[in-house]
Amino acid sequence: MFITLYIHACIREQRGCIEDPLTLQQREKIMEAGKWLFVGWFLHYAPFWAMSRVLYFHHYFPALLYSSMLTGVTLNYIIESLQILLPNKVGNTIYHIIMGTVISITIYSFYLFSPLAYGMEGPAASDPESSMHSLRWMDSWEF
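Residues numbered from 1 in each chain as written. Predicted model: local features only at pLDDT ≥ 70, side-chain atom pairs only at ≥ 80, totals over all residues. Heavy atoms only, no water.

The name an unreviewed UniProt entry assigns to the protein chain is Protein O-mannosyl-transferase 2-like, from the organism Polistes dominula.

Here's what the structure looks like:
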């Protein structure tokens, strides 16, 4: 999502589009923060992506931190842009709906996948009787 926003901003800047000063200031803020977070993510993800051996959670944790921060910055930019574009009352309503949805999805996904991080009990996920069997979205996943 950040790459799309970055390309959009670069094209608008190159074409010389006239922007509202508040929008321009907000865009510069996300582009500066987002570039560094993207570079950090790439530098931590690329070495493990190129490996041909089995990789575990701890290989991806540094890249996950950068990805999470980049997601937060990008989501904040999108929500603030909507608040600027929409009338005040509608913008606040949309803000609260989006934030409530994101927080709910985050809590639910933590609840759903926490056994993978904290340790599973019972049969392996490949067994149809396992409570983790429904979490295997791809047959190649082994947990």
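Caption draft 1: Structural view of the packing of aromatic side chains. Applying the stated criterion across every chain, the model contains six aromatic pairs. For the pair F38 and W41, a centre-to-centre distance of 5.6 Å together with 35° between the ring planes defines the contact as tilted. Separated by three residues within a single helix, F38 and W41 lie in helix α2 (residues 21-49), roughly one turn from each other. Given a relative accessible area of 28%, F38 falls into the partly exposed group. Taken together, the ring pairs in this structure connect F2, Y6, F38, W41, F42, Y45 and Y60 into an aromatic cluster. (Phe/Tyr/Trp six-rings, centres within 6.5 Å; stacked < 30°, edge-to-face > 60°. Helix = DSSP H or I, 4+ residues; strand = E, 2+ residues; numbered from the N terminus. Buried < 20%, exposed > 50% of the residue type's maximum accessible area, 1.4 Å probe, protein only.)

Caption draft 2: A look at the nonpolar core. Among the nonpolar cores identified, the biggest contains eight residues, and these are F2, L5, A9, I30, M31, L37, L70 and Y77. Mapped onto this core, the elements with two or more residues apiece are α1 (2-14), α2 and α3 (57-85). Discounting residues that sit within four places of it in the chain, L37 has contacts with Y66, M69, L70 and V73. (Core = buried A, V, L, I, M, F, W, Y, C linked by side-chain atoms within 4.5 Å. Contact = heavy atoms within 4.5 Å.)

Caption draft 3: View of the UniProt feature "transmembrane region" (unreviewed entry) in the protein chain. Within this structure's numbering, the places UniProt gives as "transmembrane region" (unreviewed entry) are residues 36-57, 63-82 and 94-113. A helix fraction of 68% and a strand fraction of 0% characterise residues 36-57, whose end C-alpha atoms lie 23 Å from each other. Between the C-alpha atoms that bound residues 63-82 there is a distance of 29 Å. The span itself is 100% helix and 0% strand. (UniProt positions renumbered as here; feature names shortened; annotations may be inferred.)

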